[in-house]
2 protein chains.
Amino acid sequence: MGGDGGPDVVVAGINLVLDRLPGLTFLLFGDEQRLRPLLDGFPHVKKACRIHHTGDVIKSDAKMAAALRGGRKSSMRLAIDAVRAGEAAGIVSAGNTGALMAMAKMVLKTLPGIHRPAMATYFPTIRGESVMLDLGANVECDAENLVQFAIMGAVFARNVLGLELPTVGLLNVGVEGFKGNEAVRGASASLQKLPLPLSFHGFIECDDIGAGTVDVVVTDGFTGNIALKTTEGIAKLFGFFLRKALTETPRARLGALVARPALQAFRTYVDPRRYNGAMFVGLNGICVKSHGGTDAFGFSYAIAVAANLVTRGFNEKIKEDLERLYSGESDPKVVMAK
Amino acid sequence: MGGDGGPDVVVAGINLVLDRLPGLTFLLFGDEQRLRPLLDGFPHVKKACRIHHTGDVIKSDAKMAAALRGGRKSSMRLAIDAVRAGEAAGIVSAGNTGALMAMAKMVLKTLPGIHRPAMATYFPTIRGESVMLDLGANVECDAENLVQFAIMGAVFARNVLGLELPTVGLLNVGVEGFKGNEAVRGASASLQKLPLPLSFHGFIECDDIGAGTVDVVVTDGFTGNIALKTTEGIAKLFGFFLRKALTETPRARLGALVARPALQAFRTYVDPRRYNGAMFVGLNGICVKSHGGTDAFGFSYAIAVAANLVTRGFNEKIKEDLERLYSGESDPKVVMAK
């Protein structure tokens, strides 16, 4: 049933993603009366979709507990159930973030050895693409949570971003070893001796995010959320100032006209819709949360993120890394020391 | 003795600010052997300056405790002493932030009623200019600290930004009343009944910073530092992508040439040097910290910030607000309830 734009955005997003990933098929959970006419508008989407009717929807302002208790027949819950039952390889939703995380955690459970799932996203930097987690699922994290985030982030960087030996940085309010709280200092100590294919860079600061200093940015959900939301706001501010400058005078407007393809390229580089789709990592199933306010273009990217995670065997690779860690190649008590 | 660029940046910065604020005079604390030849290069700067020689400097990597103990004859300490003695109306430094805050707090003391000084900066938004505090002086804050930050921020907004009834927002990881920790919830309760000329907006999120949703953004030093550093990194990332797009093709380069004045205007809008100069607010004296890596243009803005705070009687206005608060117009215990 989608986010702010409802099922229209979902169906139009499927239409767009099928151009890039033509093999995908979809189970749509929601109100058949609303979905059927939408599908009629896109014949090839209709062929790729099967509707599972339900009239029950988790509202965007629903509390987590209420969603868990009362939402058993909701479109969100039924979609998660389908992943658990193996009918779907993954779920994509633009709905209520808290409810999606809580239900997915309850129904799918976490991967063996993972204590808490995290929200992750990849994003553009000056050096290429990086991945950051957690973005808000865990407001408080201990050292072991952060180490597990690092492992999952590195798996993503290796298998989805294609980096052989990803660098991992721990976000902190200063790069000196004595800075930060117990959790980041403990995680830093553990990450230095992790017997996995990742290169631990040490502490980084928030200006390193955009600089692309590391491939994997590890942080607690509070800090990650602050950084993410700040970025959203600053991106809009920059767009505002650029538009203002390029429309102020006739000469500016002429220049903007000549440079239009370049400005279009710039907009593409920084288009947040191309990085839409927060991954809930650490769950026993692929689960991707689209921004609630995105459009069809953005939603198509969230679908592609989920498809990518499935194709690359993301969860299997996480399990392999965790098994390697706990298999006796090293003493997990040392590695995972808080 | 300046920041990364040393006293050269300080003297060249004075040269620039004297064009805008010709009445200013300066006491320069540092190595006379280095300062004198620099002043010889700017005759009208030389006339406005008096050198207080000292060979002792607080290094940029010096620990706070060491600076407090061993730095009694340092250029930084002597400059703060001059403010305390009334020989200078304020201090501007591009040196070690931690040492400057610790020494300024020890020597100048906090304003009556203020428990902890904060670092503040004003910045551009879509709606105009806003002020944010704390930026990193206090990693952990209680409700009362946040309320005092709000009061000081509102004084700045009224007297320096010229807003009659500034709006104040508390940064949080969600705008719902039940979200956030005890400190922000307690501060929110107190701010709702504060008998001062400010309009409390409630909670805001980090994307509200750039949007200019409020005139005064109040937060703890950890969160403020995260937001500030993220902004620095994202600003660089956007500049990188814009340059890339505008140099990729001959047509892009031509458009950039035609739009050059507009692009220059854009750069000016988002130039962080124009917002250089973090104010240490709540101290019994004006103290401004310039970014250590800034140039003469940026340093001139830090000087202007200090001059502005002095001219507007910033500290006197804070005292007035605190007196009004504690004078019986309201019950301070209620207002300041944790």
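This report concerns the structure included in the present document. (Residues numbered from 1 in each chain as written. Chains lettered and ligands numbered in written order. Predicted model: local features only at pLDDT ≥ 70, side-chain atom pairs only at ≥ 80, totals over all residues. Heavy atoms only, no water.)

### Structural notes on the relation of the copies chain B and chain A
Between chain B and chain A, which share one sequence, the superposing operator has a rotation angle of 180° and an axial displacement of 0.0 Å; the RMSD is 0.0 Å. Classification of the inter-copy transformation places it as that of a two-fold axis. For chain B, the minimum C-alpha distance to the rotation axis belongs to Gly255 of chain B and amounts to 2.3 Å. Same-surface contact between copies: 98% of interface residues of chain B are shared with the interface of chain A. (Least-squares fit on C-alpha atoms with pLDDT ≥ 70 in both. Contact = heavy atoms within 4.5 Å.)

### Concerning the layout of surface pockets
All names here are of chain B. One number sums up the size of the second largest pocket: a volume of about 250 Å³. Lining the second largest pocket are 16 residues; nearest its centre among them are Tyr122, Tyr301, Ala304, Val305 and Asn308. The element that contributes the greatest number of residues to the lining of the second largest pocket is helix 13 (residues 296-311), accounting for six residues. Residue composition of the lining of the second largest pocket, grouped by class: eleven nonpolar, two polar and three charged. (1 Å grid on protein atoms, 1.4 Å probe; cavity = no way out; pocket = protein on both sides within 12 Å on 5 of 7 lines; lining within 4 Å. Points joined across faces, edges and corners; volume = space filled by probe spheres on them. Helix = DSSP H or I, 4+ residues; strand = E, 2+ residues; numbered from the N terminus. Nonpolar A, V, L, I, M, F, W, Y, C, P; charged D, E, K, R; others polar.)

### Describing the packing of helix 1 (residues 6-20) of chain B against helix 13 of chain B
Residue and element names in this part refer to chain B. Contact geometry for helix 1 and helix 13: axes closest at 7 Å, N-to-C directions at 60°. Between helix 1 and helix 13, the angle falls in the class oblique. Here helix 1 and helix 13 pass one another in a crossing that is right-handed. Along the contact surface, helix 1 presents Val9, Val10, Ala12, Gly13, Ile14, Leu16, Val17 and Arg20, while helix 13 presents Ala296, Phe297, Phe299, Ser300, Tyr301, Ile303 and Ala304. Tallied by class, residues from the contact of helix 1 with helix 13 come to twelve nonpolar, two polar and one charged. (Axes fitted to C-alpha atoms, helices over the stretch in contact; angles between N-to-C directions. Parallel < 35°, antiparallel > 145°, perpendicular 65-115°, else oblique. Left-handed = near helix turned anticlockwise from the far one by under 90°.)

### Considerations on the interface of chain B and chain A
Contact residues are listed per partner, giving 49 residues for chain B and 48 residues for chain A. The junction of chain B with chain A conceals about 4,600 Å² of combined surface from both sides, 77% of it contributed by carbon and sulfur atoms. It is Phe238, Phe241 and Tyr269 of chain B that lose the most area in chain B upon contact with chain A, and together they represent 14% of the buried surface on that side. At the surface where chain B touches chain A, the tally comes to two salt bridges. The salt bridge partner of Glu205 of chain A is Lys229 of chain B, with a shortest N-O separation of 3.1 Å. (Buried area = accessible area lost by both parts, 1.4 Å probe. Salt bridge = Lys/Arg side-chain N within 4 Å of Asp/Glu carboxyl O.)

### Points about helix 14 (residues 314-326) of chain B
All names here are of chain B. Its 13 residues give helix 14 an end-to-end C-alpha distance of 19 Å, which sits within 8% of 18 Å, the value for a rise of 1.5 Å per residue. All of the buried residues in helix 14 are Phe314, Asn315, Ile318, Asp321, Leu322 and Leu325. One face of helix 14 carries all of its buried residues, which in axial projection span an arc of 120°. (Expected span 1.5 Å × (residues − 1). Buried < 20%, exposed > 50% of the residue type's maximum accessible area, 1.4 Å probe, protein only. Arc of directions from axis to C-beta.)

### Some details on empty space enclosed by the protein
Within the structure shown, the criterion is met by three cavities of 30 Å³ or more. In this structure, the largest cavity encloses a volume near 50 Å³. Lining the largest cavity are Phe222 and Ile226 of chain A together with Leu171, Asn172, Asn181, Val184, Thr219, Asp220 and Thr223 of chain B. Of the residues belonging to the lining of the largest cavity, the class tally is four nonpolar, four polar and one charged.

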